[in-house]
Amino acid sequence: MAEAPLNSPQKPDAFVMTPERLRRQRIAKFLGEGFLLVVASFVAIVVLFIFYFVAVDAIPFFQQRGFGEFFTSTGWYPADEPGEFGALAIMYGSGMVTIGSALIAVPLGIAAAICLSDVLPFAVRQYAKPVIEMLAAIPSVAYGFFALVIFAPLLQNYGGPLLMWTWWLIAGPFVFLAVIVVSDLVTSGSQSTDTRKTIRWTVTVVFGVIALFFLYYVGRTLNEIQILSGTNALNVSLILSFMALPTIVSVSEDSLQAVGRELREGSYALGATRAETIVKTVLPAASSGILAAVILGIMRAIGETMVVWMASGNSSHIPEPWFNYLDSIRTLTATIAGDMGEADQVTGSARYHVLFAMGLLLLIISFVSNLVSERIVVRQRKVLAGE
Amino acid sequence: MNNSSTMNGSRKAGRTIDIVNRGLKSRYRKEKRFRLYGILSIVASAAFLAFLLTSIVMNGYSAFLQTYIKLDVPIEAGMIDESNPKRSNFQGIIKSAIREYYPDVTERREKRELYSLFSSGAAYQLRNNVLDNPPEAGTTLSLWVLADDDVDMLMKGHMKRDVPESERRLNDRQLRWIEKLENDGRIEKRFNTTFFTSGDSREPELAGIWGAVRGSFYTMLVTLALSFPIGIAAAVYLEEFAPKNLATDFIEVNINNLAAVPSIVFGLLGLAVFLNFFGMPRSTPLVGGIVLMLMTLPTIIIASRAALKAVPPSIREAALGVGSSKLQVVSSHVLPLALPGMLTGTIIGMAQALGETAPLLMIGMVAFIVDVPGGFTDPAAVMPVQIYLWADSPERAFVEKTSAAIMVLLGFLIAMNALAVVMRKKFERRW
Amino acid sequence: MLMLAGALSVIGCGQKAEQPAAKGEKAAGEVEQTEEAIESARDYISIVGSSTVYPFATVVAEQFGKTTDFKTPKIESTGSGGGFKLFAAGVGVEHPDITNASRRIKKSECEMSAENGVTEVVELKIGYDGIVMANSKKAEPFKLTRKEIYLALAKEVPDPSGEEGKLVPNPYKTWKEVNPELPETKIEVLGPPPTSGTRDAFVELAMEAGAKEFAWLKALRKEDKKKFKGIAHTVREDGAYVEAGENDNLIVQKLDANPDALGIFGFSFLDQNTDKMQGAFVDGVQPAFSAIADGSYPLSRPLFFYVKKAHVGTIPGMAEYLEEFTSEKAWGDEGYLTEKGLIPMPEEEREKYASIAKNLTPIVCDEL
């Protein structure tokens, strides 16, 4: 029992903390923690290391050629002697496909996230979530192959009709919704119930007919469009949007979940419908997290290489007119991947260094976006915890 | 509703409830539409996914079958060089066997067209057969040899027979010869083992992904061996030992930044540092593995941290209570409990690395490599890079091979992700 | 981190990168030193270079690997320029043994190689490649002259009014405007991007030759070559010439869908797609094997590969690889390379290069 004090030598096999053991433990702790610290710092230092090495090879370009041409000229002729290194058109191409993919992925992603977190019953959610996760698991080369071999010919051969049907399928419901909303607004003034109903019906029908004609006319014009090159900005934007979607959905969903039940239940208690709760209460509360999700999704799109290399056409020019997504473009990532073969890999020249300059640009954009999105997420957490 | 007993109260109540009821219908309508949009977006994603996968499968499933032709090869005396059988003229033997089957083809141009129906690999199939069981002179071997990729395309229906001759790659004469084979039952499609056992080739019918699979395997080994220990160590430090100071913040921020680096920049790094500065060999799994390790680290660290966080503080406190040092708490108690979660994260990280292509392009893995790699410093291709190379080839038969390769790659990825999910379910402990 | 550092140092010590030696005197000593280093490491041939020669080199490599006990050479498609830079960097295991090229080595590249210790370079021509302008078989075949090609595709052309010395932005929108006998279809040509060797070759063989047909331009070439090249090589950017990317399969599909358009690519590709495409006549000659081989088709260029003599004997199999490539069954009139679309050289040329390969006769930089 506990009669003998712990330090008594009557129990020789008891664990007794001697000064010797203590010292050994201290040494072990120092070494062990030290080793772990070193490893963790290594990981952190790798980032700086990457930045350093890319910058070291990028700076010679700016020393040789200055900043002006790179950022303002569209003439990209690296093979000429002396070469021209105007990367403006390439940056424009990167921007074009990023914005294009964001336009598709952001509404789709946020809607899907809301659906997953608030709308769908749990059982259905079990099936829906893997669908989104599968999109994330597909390797980029498979997307690139699909874009090049299946989607590009589709666009080339059936471009017009494809655009027409997409227009009808997507714009259609929105237009009809607008019709209903507008007719609601217009007829909200009157007092009596019966006349108001008939007026509303006639207004709806009139607007509906106008909308139908509008849809039809635009659709037929789209049908006539001949897509000359299936490898273009539209192709890439569409595929990239599905690649960015899983990121946006999962981070947004986390953010929506983080809002917590109190806010939602308070809203329901006041009599709001589910849609109203989501739109008016939950979304604003999660808005910063959703913004962070969007930024992360956009980062994914900017940094993607294989899909753009295979399916963007790789033509370094600003499309005519500037919003023409049916034209081929070139992005920063594809230029790095593609031009490295021809560039002077060994002894160093402007052609080699300019690619590192592009890499540096990409790196800076990624870091800044990452930092911003981190800040936003941290702030949201603080705000929610404080409330 | 028209209760006028209480003055202001009921009238106000009436009005509010009226207002509410009036707006209710439209609000319910909005609710339905809202739900519809949400569901539509999921449906759109599912539809796209289905379209993508179906088109790849439709293009690729035919690659699992390959057309073979049964050829009777008479081995006469003198054909096989006794002293060095490997150097015998197997191409010539095959050609004479073909000529025997089609005795009325004599003109040189026609003979070339006839020979082109058979794969150039047929001679090697004969060679392997002869070397394994040396035949006696005078016997006739009956071999199923590979057909040329054009014949394969025809038999699979990708090449139409009823279009005019100039729009076909096989002319009418060749079609007649193939019909003769069909009538004699000597041409059929069999399971394509070549696809799974050989390396890359310029001839589509001889091309396989085994080389790429092994290359991927070696690369993954390097990545795993490097990133698992480093990742776990870093996660353990950050979760268990790191004090809350600026240095720790700095480390955490930078680990997040590492995840943000675009993949092509890792390729630039691999090129500038590992190839140019350190002089490591190009196109090898060793360099590929190191580059991929840098990309996988953030995934492993984040997942491991989550696993460590999930272990309740009571475990730690109990261990401390019986006198363990901090290090013992972590190594003997916390770590084993968090290990399943860490492994799950590692598997997911590996799956991501398996599908990466862009960084490997820059370190020279875009090369024609036929031999199956035997070690870490042999030149190798990995599966996604092989897919990329085949996607660029002019022969139409490569389209189905590329799709089949994507199917194999996706198969691996799905298996790995499923393993991770199963592990998570099995070992997840509810505290 | 310790493991990583350890691994890196072990490997780094084994194969240090060659610092580019700017001094010729050092080069000789270094060559001997690195020859010993070669013995240890690599047992496969490392080849880089042109993407045009790549399809042919890979076939030979595969045959070589199958028929001998040597390992199959590893071939990278880096482009001719990039290949030369890698090749010229020095002698040693970490440098490639052979580079493929769709053009001859330049004097500057040869001299740079020598400065880095690559003093004995063997030049081997393997055959010819034709560049064709093709359209879909659904339309009529085109008959063009090089002058018309220049006028249709250049950014700036001589003033149509005939005033000498004056250039205007290209005004021609249809083929008929260039030559009344051509169809009245919009000028639409899909071609390779500026980074492609095919583009360089096309611009030199077709457009430059076409520009020279104008007397004053021809004179300008003698006076100010750079300015002439600027005029002759620059392709119009107003949409008539579309950069169709590197994937030839897609170009075929585009041409199939749009029979009015023409595409520019290598003859080997046309050969693979004769069921859908037909080549345009250039200066009256239709692109065909015989026409390219005997030189009557004007848009053809020779293909080469360059070998480091210092590596032969140390990297196993190089002599045998050369033997395979220069054998009749590979590059002869009935060889397997011809089946892939390579145009073979005339017999005397083949014999000449076969003996150069056997004797490993190096080229002299000054003769370039």
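To start, this report covers the structure provided alongside it. As the structure is a prediction and not an experimental result, all values here were calculated from the model.

**Description of the packing of aromatic side chains**
Link 1 in the chain: This model, assessed by the stated rule, comprises 44 aromatic pairs over all chains.
Link 2 in the chain: Taken together, a centroid distance of 5.4 Å and an interplanar angle of 75° make the contact between Phe265(C) and Phe269(C) edge-to-face.
Link 3 in the chain: Look at Phe265(C) and you get buried, because its relative accessible area is 3%.
Link 4 in the chain: For Phe269(C), a relative accessible area of 6% puts it in the buried group.
Link 5 in the chain: With centroids separated by 5.7 Å and ring planes inclined at 85°, the aromatic side chains of Phe267(C) and Phe289(C) adopt a geometry described as edge-to-face. Of this pair, Phe267(C) sits in helix H12 (residues 267-272) while Phe289(C) sits in helix H13 (residues 289-293), and the two are 22 residues apart along the sequence.
Link 6 in the chain: By relative accessible area, which is 4% here, Phe267(C) ends up buried.
Link 7 in the chain: Under the relative-accessibility criterion, Phe289(C) is labelled partly exposed at 28%.
Link 8 in the chain: Each residue in the set Phe61(A), Phe62(A), Phe67(A), Phe70(A), Phe71(A), Trp76(A) and Phe85(A) is aromatic and connected to the rest through ring pairs, giving one cluster.
Link 9 in the chain: The ring of Phe87(C) has Lys308(C) lying over it, and the distance from NZ or CZ to the ring centre is 4.9 Å.

**Quick notes on the environment of Arg27(B)**
Link 1 in the chain: Secondary-structure assignment places Arg27(B) in helix H1 (residues 8-60).
Link 2 in the chain: Owing to a relative accessible area of 18%, Arg27(B) belongs among the buried residues under this scheme.
Link 3 in the chain: Along the primary structure Arg27(B) and Thr140(B) are separated by 113 residues, whereas in three dimensions their C-alpha atoms are 85 Å apart.
Link 4 in the chain: Sequence-distant contacts of Arg27(B), defined by excluding residues within four places in its chain, comprise Gly271(A), Ala272(A), Thr273(A), Glu276(A) and Val20(B).

**Some details on the interface of chain B and chain C**
Link 1 in the chain: Contacts between the two partners involve 45 residues from chain B and, on the opposite side, 38 residues from chain C.
Link 2 in the chain: It is Tyr124(B), Arg202(B) and Phe368(B) in chain B that bury the most area against chain C; as a group they hold 18% of the surface buried on that side.
Link 3 in the chain: Between the two partners, chain B and chain C, sit three salt bridges.
Link 4 in the chain: We note a salt bridge from Glu76(C) to Arg282(B), for which the minimum N-O separation is 2.9 Å.
Link 5 in the chain: Our enumeration of links across chain B and chain C arrives at ten residue pairs in polar contact (both at pLDDT 80 or more).
Link 6 in the chain: When contributions to the side of chain B that touches chain C are tallied by element, the ones reaching two or more residues are helix H3 (108-115), helix H4 (122-132), helix H8 (210-241), helix H10 (263-277), helix H11 (285-310) and strand E4 (367-368) of chain B.
Link 7 in the chain: Pairing of E4(B) with strand E2 (residues 74-76) of chain C, which is carried by two bridges, proceeds in the antiparallel orientation. Bridge pairing in E2(C) links Ala367(B) to Glu76(C).

**A closer look at the state of the cysteines**
All names here are of chain C.
Link 1 in the chain: Scanning the entire structure with this criterion turns up one disulfide over all chains.
Link 2 in the chain: Sulfur-sulfur distance for the disulfide between Cys110 and Cys365 comes to 1.9 Å. The sign of the -75° torsion about the S-S bond sets the Cys110-Cys365 disulfide as left-handed. Within this pair, whereas Cys110 is found in helix H5 (residues 107-115), its partner Cys365 is found in the segment after helix H17 (347-359), the two being separated by 255 residues in sequence.

**So, empty space enclosed by the protein**
All names here are of chain B.
Link 1 in the chain: Across all of its chains, the model carries two cavities of 30 Å³ or more by this definition.
Link 2 in the chain: Size it by volume and the largest cavity reaches roughly 60 Å³.
Link 3 in the chain: Together, Gly199, Asp200, Gly208, Ile209, Gly211, Ala212, Ile369, Val370, Asp371, Pro373, Ala381 and Gln386 line the largest cavity.
Link 4 in the chain: The residue inventory of the lining of the largest cavity, partitioned by class, reads six nonpolar, four polar and two charged.

**Side note on unusual backbone geometry**
Link 1 in the chain: Of note, the phi angle at Ser283(B) is positive, near 55°, even though the residue is not glycine.
Link 2 in the chain: Among the secondary structure elements, Ser283(B) is positioned in the loop between H10 and H11.
Link 3 in the chain: Taking the relative accessible area as the measure of exposure, Ser283(B) reaches 1% and is therefore buried.
Link 4 in the chain: Phi is positive for Asp283(C), which is not a glycine, with a value near 50°.
Link 5 in the chain: Topologically, Asp283(C) is positioned in the loop between strand E12 (281-282) and H13.
Link 6 in the chain: Taking relative accessible area as the criterion, Asp283(C) reaches 33% and is therefore assigned partly exposed.

Rules used in this analysis
- Residues numbered from 1 in each chain as written.
- Chains lettered and ligands numbered in written order.
- Predicted model: local features only at pLDDT ≥ 70, side-chain atom pairs only at ≥ 80, totals over all residues.
- Heavy atoms only, no water.
- Phe/Tyr/Trp six-rings, centres within 6.5 Å; stacked < 30°, edge-to-face > 60°.
- Buried < 20%, exposed > 50% of the residue type's maximum accessible area, 1.4 Å probe, protein only.
- Helix = DSSP H or I, 4+ residues; strand = E, 2+ residues; numbered from the N terminus.
- Lys NZ or Arg CZ within 6 Å of the ring centre and 35° of its normal.
- Contact = heavy atoms within 4.5 Å.
- Buried area = accessible area lost by both parts, 1.4 Å probe.
- Salt bridge = Lys/Arg side-chain N within 4 Å of Asp/Glu carboxyl O.
- Polar contact = N/O pair within 3.5 Å; in protein donor to acceptor, adjacent residues only side chain to side chain.
- Pairing = 2+ DSSP bridges.
- Disulfide = S-S within 2.5 Å.
- 1 Å grid on protein atoms, 1.4 Å probe; cavity = no way out; pocket = protein on both sides within 12 Å on 5 of 7 lines; lining within 4 Å.
- Points joined across faces, edges and corners; volume = space filled by probe spheres on them.
- Nonpolar A, V, L, I, M, F, W, Y, C, P; charged D, E, K, R; others polar.

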